[in-house]
Amino acid sequence: MSASDMVIDKQALRVEMRALRKRLADAAPDSAIAVAGFVNELPPGNTVAVYRAVGSEMDPELLADALIVAGRSLCLPVATERDKALLFRRWSAEEPLEMDVAGCPAPLPLAETVDPDLIITPLLAFDDAGGRLGQGGGYYDRTFLARPDAVRIGLAFAGQRVDRLPMESHDVPLHGVLTEVGYTPARKV
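Residues numbered from 1 in each chain as written. Predicted model: local features only at pLDDT ≥ 70, side-chain atom pairs only at ≥ 80, totals over all residues. Heavy atoms only, no water.

1. Description of the overall build of the protein chain
Counted only if it meets this: Secondary structure is summarised from DSSP: a helix means a run of H or I of at least four residues, a strand means a run of E of at least two, and numbering begins at the N terminus for each. Radius of gyration means the value over C-alpha atoms here, while the globule rule gives 2.2 Å times the residue count to the 0.38 power. Burial here depends on accessible area, computed with a 1.4 Å probe over protein chains only, as a share of the maximum for the residue type. Under 20% is buried, over 50% is exposed, and the range in between is partly exposed. Working rule for contacts: check all heavy atoms of both residues, and any pair within 4.5 Å makes them a contact. Neither His nor the chain termini are counted; the positive set is Lys and Arg, and the negative set is Asp and Glu. Charge placement uses NZ in Lys and CZ in Arg. For Asp and Glu, CG and CD serve respectively.
Looking only at helices and strands, one finds four helices and 12 strands in the protein chain. The C-alpha radius of gyration of the protein chain comes to 16 Å, within 12% of the 16 Å expected for a compact globule of 189 residues. Structurally, the protein chain occupies a C-alpha span of about 45 × 35 × 30 Å along its principal axes. Across the 189 residues of the protein chain, 46% fall into the buried class. Long-range contacts, defined as pairs at least 24 residues apart, comprise 68% of the intrachain contacts of the protein chain with a sequence gap of at least 6. Charge-centre separation for the protein chain: the mean point of 20 positive side chains lies 3 Å from the mean point of 27 negative side chains.

2. Concerning the pairing of strand S2 (residues 73-78)
As a general feature of sheets, a regular strand has side chains that alternate between the two faces. Inclusion rule: Each pair of strands is called paired provided DSSP finds at least two bridges between the two strands. The crossover handedness rule: strands pointing away from the viewer, path from first strand over the helix to second strand clockwise, crossover right-handed.
Counting buried positions along S2 gives five out of six residues, so the element sits mostly inside the fold. In this sheet, S2 lies alongside strand S1 (residues 47-49) in parallel orientation, the contact comprising three bridges. Across the sheet, Val48 pairs through a bridge with Leu74, a residue of S2. In this fold, the crossover linking S1 to S2 by way of helix H3 (residues 61-69) has right-handed handedness. For S2 and strand S3 (residues 87-90), the ladder comprises four bridges, and the chain directions are antiparallel.

3. Some remarks on the sheet that holds S2
Basically, it comes down to this: Between N-to-C directions, angles cover 0 to 180 degrees, with each direction set by a line fitted to C-alpha atoms, over the stretch in contact for helices.
Reading across the sheet, the eight strands line up as S6-S3-S2-S1-S7-S10-S11-S12 and stay open at both edges, with mixed pairing between neighbours. Because the sheet does not close on itself, it has two edges, and the strands there are strand S6 (113-114) and strand S12 (182-185). Where H3 meets the sheet, its contacts fall on S1, S2, strand S7 (118-121), strand S10 (151-155) and strand S11 (176-179), and the angle it forms with S2 comes to roughly 140°.

4. Quick look at the side chain of Arg152
The condition is simple: Each reported salt bridge corresponds to a side-chain nitrogen of Lys or Arg within 4 Å of a carboxyl oxygen of Asp or Glu. Any pair of nitrogen or oxygen atoms within 3.5 Å is treated as a polar contact; in protein, a donor-acceptor pairing is required on top of that, and neighbouring residues in sequence qualify only through side-chain atoms on both sides.
With respect to the helices, strands and loops of the structure, Arg152 is situated in strand S10. For the buried residue Arg152, which engages in no salt bridge, the nearest side chain bearing the opposite charge is Asp141, 7.4 Å off. Within the local environment of Arg152, its side chain forms a polar contact with the backbone oxygen of Pro173, the two atoms lying 2.7 Å apart. Not counting residues within four places of it along the chain, the set of residues in contact with Arg152 comprises Ile119, Phe144, Val172, Pro173, Leu174, His175 and Gly176.

5. Focus: the nonpolar core
For clarity, the cut-off: For our purposes a nonpolar core is just a set of buried Ala, Val, Leu, Ile, Met, Phe, Trp, Tyr and Cys residues, chained together by side-chain atoms within 4.5 Å.
Counting residues in hydrophobic clusters, the biggest one holds 41 residues, and the most contacted among them are Leu42, Val50, Leu63, Leu67, Ile120, Leu155 and Leu178. Elements with a minimum of two residues in this core: helix H2 (31-36), S1, H3, S2, S7, helix H4 (139-146), S10 and S11. The element contributing the most residues to this core is H3, with four residues. Judged by nonpolar contacts, the second largest core, of seven residues, contains Leu13, Leu124, Leu133 and Val162.

6. Overview of H4
Because each turn of an α-helix spans 3.6 residues, side chains separated by three or four positions in sequence point in the same direction. All of the buried residues in H4 are Tyr139, Tyr140, Asp141, Thr143 and Phe144. Looking at the buried positions of H4, the neighbouring elements they touch are S2, S3, S7, strand S9 (132-133) and S10.

7. Section: the environment of Ile33
You can see Ile33 is positioned in helix H2. Sequence separation between Ile33 and Val172 is 139 residues, and the spatial gap between their C-alpha atoms is 28 Å.

Spelled out as C-alpha cells, the structure:
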C-alpha cells in the first residue's frame, strides 16, 4: 500500500468511525460512569492529562473526578500553534476555560504549565497493538513524540476497537486503552 493510499484509507476510516462513535455514544449514554469505575486499573502517574469532550468523544469528566479522589492532579492539553505539540496546563473543574487554536476548551494562560506523567487521549478507533486513529490534526502524535516518557492511554467505547489500524511512521502507539469494560494494555505485536 502506498503512502497516498494509506492517507485515503485513513480519511475514509475516520468518516466511518465518527459515525460509529456517535451511534455508540447515543446507545450507551452512561458509559462514562462505567469508565470512572475503572480508575484504579490505570497505570500510575501523579499528574494526569485529561481532555474536555467534544461531540461524541467518550467524556472523561467523571473519570477526572475519580482521579482527583484517588489523589492525582489534573491538567488539560492546550494547542497554542498549529503543527506543534500540545502543552499542558494544570486544571480543576471550577476553573474557567477558553478555546485554544484547535477549537478545544483549554485552561487560561495564567494556569501553571505542567508535564503530565499520564496522557489520556480521545480517539476514533484503536487496535490491540496500541494503534490509535485520531481526528487527523496530528496534535497528539506530535505531543507523544515530544514526551516519550509519558504513559499514553486512549479513552474510548469498547466498540471503537478494530482488528488493525494502518500505521504511518509518525503514528505513536498507545500503552493501553480504557473503555466502559475496563483497561486493556497494548499487546506487543
